[in-house]
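# Observations on the three-dimensional arrangement
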Amino acid sequence: MKKTPILFVCAAMMLTGCSGATATIKDKDETIMTIGDTKYTKGDEYDLLKISTGTDLTMELVKQAIYKQEVKVTKEMKEKAQEQVNNYKENMENFDEQIQSLGYKNSTQYMNKVLIPSLQASELTEKYFTDAKKDIQKTYKPSKARIIQCENKATAKKALKALKNGTDPEEVAQQYMVDSAKYSGKETLVTTKTTDLSTRLINTLSKTKKAGVIDEVFTNESSGTTYAYVAVLVSNTYKDIKDDVYTTLSSDDDVTKACLVYYLKKYNFEVHDQDVFNNLKANNPEYLVSRPDLSESDD
Amino acid sequence: MTDILRNNWFVVLIAIIIIGFIGYFIYDTNKDNVSAKTTNNEQVIASINKDDITADDLYDESTPYDGSTIYNMYKNAVIDQSIKTTKDLKKQASTLESNIKSNASSQSDDYESTLTTELAKYGYASYEELNDYCLTSVKEKEMNKKYITKHFDEVKKAWEDKSPRTVSIIKMDVSDADNLTETETKKKSNIDKALEKESFADVAKAFSEDSNTANKNGFAGYVDSNSTSSGSNSTSTVPADVVTAAIGLKKGETSDWITVTSSSGTSLYKVYVKETNSKKIFNAKSDTVSNQALYAILNSDSSLSYKILDSYAKKLDIKFNDKDTKKKFDSYVKTTYGGDQ
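These figures come from a predicted structure and were not determined experimentally.

### What about the overall build of chain A?
Summing up its helical and strand segments, chain A has 13 helices and eight strands in all. Whereas a compact globule of 299 residues would reach a radius of gyration of roughly 19 Å, chain A reaches 28 Å, over 25% beyond that. Seen through its principal axes, chain A has C-alpha atoms that stretch 85 × 75 × 35 Å. Taken across its 299 residues, chain A has 35% of its residues classed as buried. Within chain A, counting contacts between residues at least 6 apart in sequence, those at least 24 apart form 64% of the total.

### Observations concerning the overall build of chain B
Secondary structure summary: chain B contains 15 helices and eight strands in total. On C-alpha atoms alone, chain B measures out to a radius of gyration of 30 Å, which is more than a quarter above the 20 Å that the 2.2 N^0.38 rule sets for 341 residues. Dimensions of chain B, computed from the C-alpha atoms along their principal axes, are close to 105 × 60 × 45 Å. Every one of the 341 residues in chain B was classed for burial, and the buried ones make up 30%. Sequence separation of at least 24 residues holds for 61% of the intrachain contacts in chain B that already meet a minimum separation of 6.

### Observations concerning the domain arrangement of chain A
Think of interface size as the accessible area that goes away when the parts come together; that is how it is often given. Under the domain assignment, chain A is made up of domain 1 (35-134) and domain 2 (141-240). Using C-alpha coordinates to define each centre, domain 1 of chain A is positioned 44 Å away from domain 2 of chain A.

### Considerations on the environment of B:K197
Residue and element names in this part refer to chain B. By secondary structure assignment, the location of K197 is in helix α9 (residues 182-197). Residue class for K197 comes out exposed when judged on the 8 C-beta atoms lying within 10 Å of it. With 124 residues separating them along the chain, K197 and M73 place their C-alpha atoms 59 Å apart.

### Considerations on the interface of chain A and chain B
With 54 residues of chain A at the contact, the number on the chain B side is 60 residues. Of all the secondary structure elements, the ones that give two or more residues to the side of chain A that touches chain B are α1 (3-16), β1 (31-35), β2 (38-41), α2 (42-70), β8 (270-271) and α12 (274-283) of chain A. Examined bridge by bridge, β1(A) and strand β8 (residues 318-320) of chain B share three bridges and lie antiparallel to one another. If you follow A:I35 over to β8(B), its bridge partner there is B:I318.

### So, helix α3 (residues 55-62) of chain B
Across the eight residues that make up α3(B), a large majority, six, are buried. Listing the buried residues of α3(B) in full gives B:A55, B:D56, B:D57, B:L58, B:Y59 and B:S62. Tucked inside the fold, the buried residues of α3(B) contact α2 of chain A together with β2 (42-48) and β3 (51-54) of chain B.

### Section: the UniProt feature "transmembrane region" (unreviewed entry) in chain B
The residues that UniProt annotates with the feature "transmembrane region" (unreviewed entry) are residues 7-27 of chain B. What you have in residues 7-27 of chain B is 95% helix and 0% strand, and the ends, taken at the C-alpha atoms, are 32 Å apart.

### Side note on the sheet that holds β1(A)
With antiparallel pairing, the three strands of this open sheet are ordered in space as β2(A)-β1(A)-β8(B). What marks the edges here is a single partner per strand, and that holds for β2 of chain A together with β8 of chain B. With strand direction ignored, the average angle separating the axes of adjacent strands in the sheet is 15°. Contacts from α2(A) reach β1 and β2 of chain A within the one sheet, and its direction differs from that of β2(A) by about 65°.

Conventions we followed
- Residues numbered from 1 in each chain as written.
- Chains lettered and ligands numbered in written order.
- Predicted model: local features only at pLDDT ≥ 70, side-chain atom pairs only at ≥ 80, totals over all residues.
- Helix = DSSP H or I, 4+ residues; strand = E, 2+ residues; numbered from the N terminus.
- Rg over C-alpha atoms; globule rule 2.2 N^0.38 Å.
- Buried ≥ 20, exposed ≤ 12 C-beta atoms within 10 Å, placed from the backbone.
- Contact = placed C-beta atoms within 7 Å.
- Domains from an automatic or database assignment.
- Pairing = 2+ DSSP bridges.
- UniProt positions renumbered as here; feature names shortened; annotations may be inferred.
- Axes fitted to C-alpha atoms, helices over the stretch in contact; angles between N-to-C directions.

Shown next, in the form of structure tokens:
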């Protein structure tokens, strides 16, 4: 008999732990339409919307909440959005009808729901490059350099010697670079996203403390051919190259995602609906910042 | 106490292991469960510092996109109440369900979640309702078929403008259409000679190199002028040039040789028009042909699907209790089917 309460406790604990919370709307029982003997409520409609597009829309609302904190809507933004609307109206017939067919009441609502958030998104991405300076440096190892692509190591060694003698990199490139070289001694931004340079060259440029000629020949295979490279570091000081880093990386999908994750962490993003949680867990576990274990297990 | 533990150490050990196992089981079951949160009497779906996204916020944000959801809910209810569930329809629904599951599982391991999202767009709230979706789909086909049969003369005009017909083909692969080898020339000549004496079906059966149709006496099924465009909804496998030739022929006529070059090589085709009577095609014994005809009729008039649904809806008591819902429904119907409500 004494064992019975323990068993009850265990069974109750297991049963209560079977499902998470699901959030629903206030007037979920309100009838929206009656078709013969079938009655549909607002709750029925909400459930379908949540399953089909709920996760994307939730993330959109979360982004807008982050914009509110990070990027205030300025007069310039409003003017720019208005300018876009004016352009659409000039170049598109029935613009108002078209946005109404998309569900927006008028151009003002379209401006507030679509155009201004889009401008805020760009502004937030730009801000991210300042706010997350350390993360960006650590992940993307950005540096600005003048690189010369040579046919082989022997030519690259000659180019290196000329560089060390103080010859201008572009002049050296004219003499030693391979035909149709991508790297011809001009200033270029190098990051871990630069796929046609060796990791060793990218790391060396990022770690080197002083600007100048890197005393090493690097090799990398590209489309089945191995090329040799020599480089002159222009700068890896983040504040000097930040604008180039932003221009080069801002449209990269990984960076856009990392930007969102950065602010989700900053604002302690939490999900309180099991359906949305499960959907994010399956498709974007990195957004569940309170559960870093979920995205780590995918690596 | 020490004596009890010492005398029963094995039982205690087993108890500790069991408790540990239960503890881990409870942790593992619950670790992905989210906690509920409310703010101002509204249930919260997600939150960040200083801001909560509530279920009501999400519902309001969905407004621009929910016209199709409301329409599908309406459509499902009308169809389900208008067409009686028969054994045959149930069987067709089960076959459709198996096909969907089989296709989905071959594309993704997580197919249940993908199907759940898709089903929600069509008005079904969970994966468990897949069979309901299939049953409504086959009922919808039945409903469309009934309506078109009854109103055939009204709806056939737009479809007949697309020159519907059934065709048979003979295919002969060649290495170079302009310089046939001796064997190819001989085979081509044999086909031409055979066509003078025998039926197209017999010649196709004997000579055609098309693996899909040769064993069906060359019968390639339904085509219409839409089958010639690459972006069409046509399910025909007959090459566009062959369809174009067929469209220019009358019933019982056979084309000249048509050269078709594709990524798989060059082939010569002959096409024979078997049937051009639209009513006979719509009522064809072959399910494939009659189904293709049904969808071609529906596609030939963008408002027909809604017109059919509306004719059945009129027999039911329908009430929109919410003005916004009616507005969204009307707007969706107008945009999609161009109809006025």
